[in-house]
Amino acid sequence: MLTHRVIPCLDVNRGRVVKGVNFVDLRDAGDPVEVAAGYDAAGADELVFLDITASHEDRAITYDMVRQVAERCFMPFTVGGGIRTLEDVTKLIQAGAEKVSINTAAIVTPDIVAQTARRFGTCATVVNIDPKRVPIDEALPRMRERYGSGFEPPAVSTGTDTDGNPIECVFEVHTHGGRKPVGVEALTYARQVVELGAGEIILTSMDGDGTKDGYDIEVTKRVADAVDVPVVASGGCGSPAHMVDVLRQTRADAVLAASIFHFGTYSIAQAKRALADAGLPVRLDDGVAVH
């Protein structure tokens, strides 16, 4: 029986776990090695470790830190941030990562997704997609420059302007830790990276990130419906109830959260119990899958 995974995310900045709101205003949340070990002991299904400033600062991820985390943890372990080449991927796998999460490099040099899948398999190849609702008049010129003058986005959403008035928006992908809009439409891109060999997508809503207002059901549903690989819902979780909502209303396979775990609002056990109580298949701490 396939179970839903509960995945803590360690966003790391300069050797410390941090958490912000909409990718800014970062708060310190501890030492990554100790935080990771705590989640391993708490029964997390997997761990995602992202060096969120590596690409923006044009530097490599800290391999020693990855190695130390891998030595302390026995659960599956995904690492991303600052990946530019297949050599970077190889070093991360050698340091102990089970999967790698490619973000900015998948936009700049898409073939790195195919190269990683060929060498390490699709199961080890994860692409992290960071979409944001952007007014269509602002985003469409960038998208048409990338895809062609006749490009029309497959999904248009309703957002709001600075005065709270409704406006038409599109889901534009951002890179470099959410700092750079790149004219890439989220659904089109998700299909592309899966064709290249991505075996999983981590979908982080920039609109929801750190807000604790709940996952972005709309974009999660649209992307999960568009691809046939596991999609991890990320961005906006404020309670186990939000996890239940996104798993019930979309085809997402897993839920990722940071703030609610890092600052002790909820435990891994509480999150899993909430999923089980809602009738969702989940693996509890004793290793038994329930539904």
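Look above for the structure.
Residues numbered from 1 in each chain as written. Predicted model: local features only at pLDDT ≥ 70, side-chain atom pairs only at ≥ 80, totals over all residues. Heavy atoms only, no water.

So, about the pairing of strand 9 (residues 156-160). A one-sided burial pattern is seen for strand 9, the buried positions being Ser 157 and Gly 159 and the unburied ones Val 156, Thr 158 and Thr 160. Pairing analysis gives 5 bridges linking strand 9 to strand 10 (residues 166-175), with the strands arranged antiparallel. Looking at the pairing, Ser 157 lines up with Cys 169 of strand 10. Between strand 9 and strand 10, which pair antiparallel and follow one another directly, the connecting turn spans 5 residues, one of which, Gly 164, has a positive phi of 85 degrees. (Buried < 20%, exposed > 50% of the residue type's maximum accessible area, 1.4 Å probe, protein only. Helix = DSSP H or I, 4+ residues; strand = E, 2+ residues; numbered from the N terminus. Pairing = 2+ DSSP bridges.)

Turning to the environment of Ser 234, a few remarks are in order. Residue placement: Ser 234 occurs in strand 13 (residues 231-234). Assessed through its relative accessible area of 7%, Ser 234 is described here as buried. Separated by 30 residues in sequence, Ser 234 and Thr 204 have C-alpha atoms that sit 4.4 Å apart. For Ser 234, the contacting residues outside a window of four places in its chain are Ile 202, Leu 203, Thr 204, Ser 205, Tyr 215 and Leu 256. (Contact = heavy atoms within 4.5 Å.)

On to the packing of aromatic side chains, then. Within the structure shown, the criterion is met by 3 aromatic pairs. Ring geometry for Tyr 39 against Phe 261: centres 6.2 Å apart, planes inclined by 65 degrees, an arrangement best described as edge-to-face. One end of the pair, Tyr 39, is in helix 1 (residues 32-42); the other, Phe 261, is in helix 10 (residues 259-262), and 222 residues separate them in sequence. In terms of burial, Tyr 39 and Phe 261 fall into one category: buried. Seen from their ring centres, Phe 49 and Phe 77 are 6.1 Å apart, and the 5 degrees between their planes marks the pair as stacked. Residue Phe 49 is located in strand 4 (residues 47-51), and its partner Phe 77 is located in strand 5 (residues 77-80); the two are separated by 28 residues in the primary sequence. Of the two residues, Phe 49 and Phe 77, both sit in the buried class. (Phe/Tyr/Trp six-rings, centres within 6.5 Å; stacked < 30°, edge-to-face > 60°.)

Moving on, we come to the pattern of salt bridges. Within this structure, the stated rule accounts for 17 salt bridges. In this structure, Glu 46 and Arg 5 form a salt bridge, with 2.9 Å as the shortest nitrogen-oxygen distance. Of the two residues, Glu 46 sits in the loop between helix 1 and strand 4 while Arg 5 sits in strand 1 (residues 5-13), which places them 41 residues apart along the sequence. Residues Glu 46 and Arg 5 agree in their burial class; the two are buried. Here Arg 142 makes a salt bridge to Glu 138, at a shortest N to O gap of 3.7 Å. Residue Arg 142 and its partner Glu 138 are both found in helix 6 (residues 136-147); the two are separated by 4 residues, about one turn of the helix. Looking at Arg 142, the relative accessible area reads 25%, which means it is partly exposed. Within the structure, one salt-bridge network assembled from shared partners comprises Arg 133, Asp 207, Asp 216, Glu 218 and Arg 222. (Salt bridge = Lys/Arg side-chain N within 4 Å of Asp/Glu carboxyl O.)

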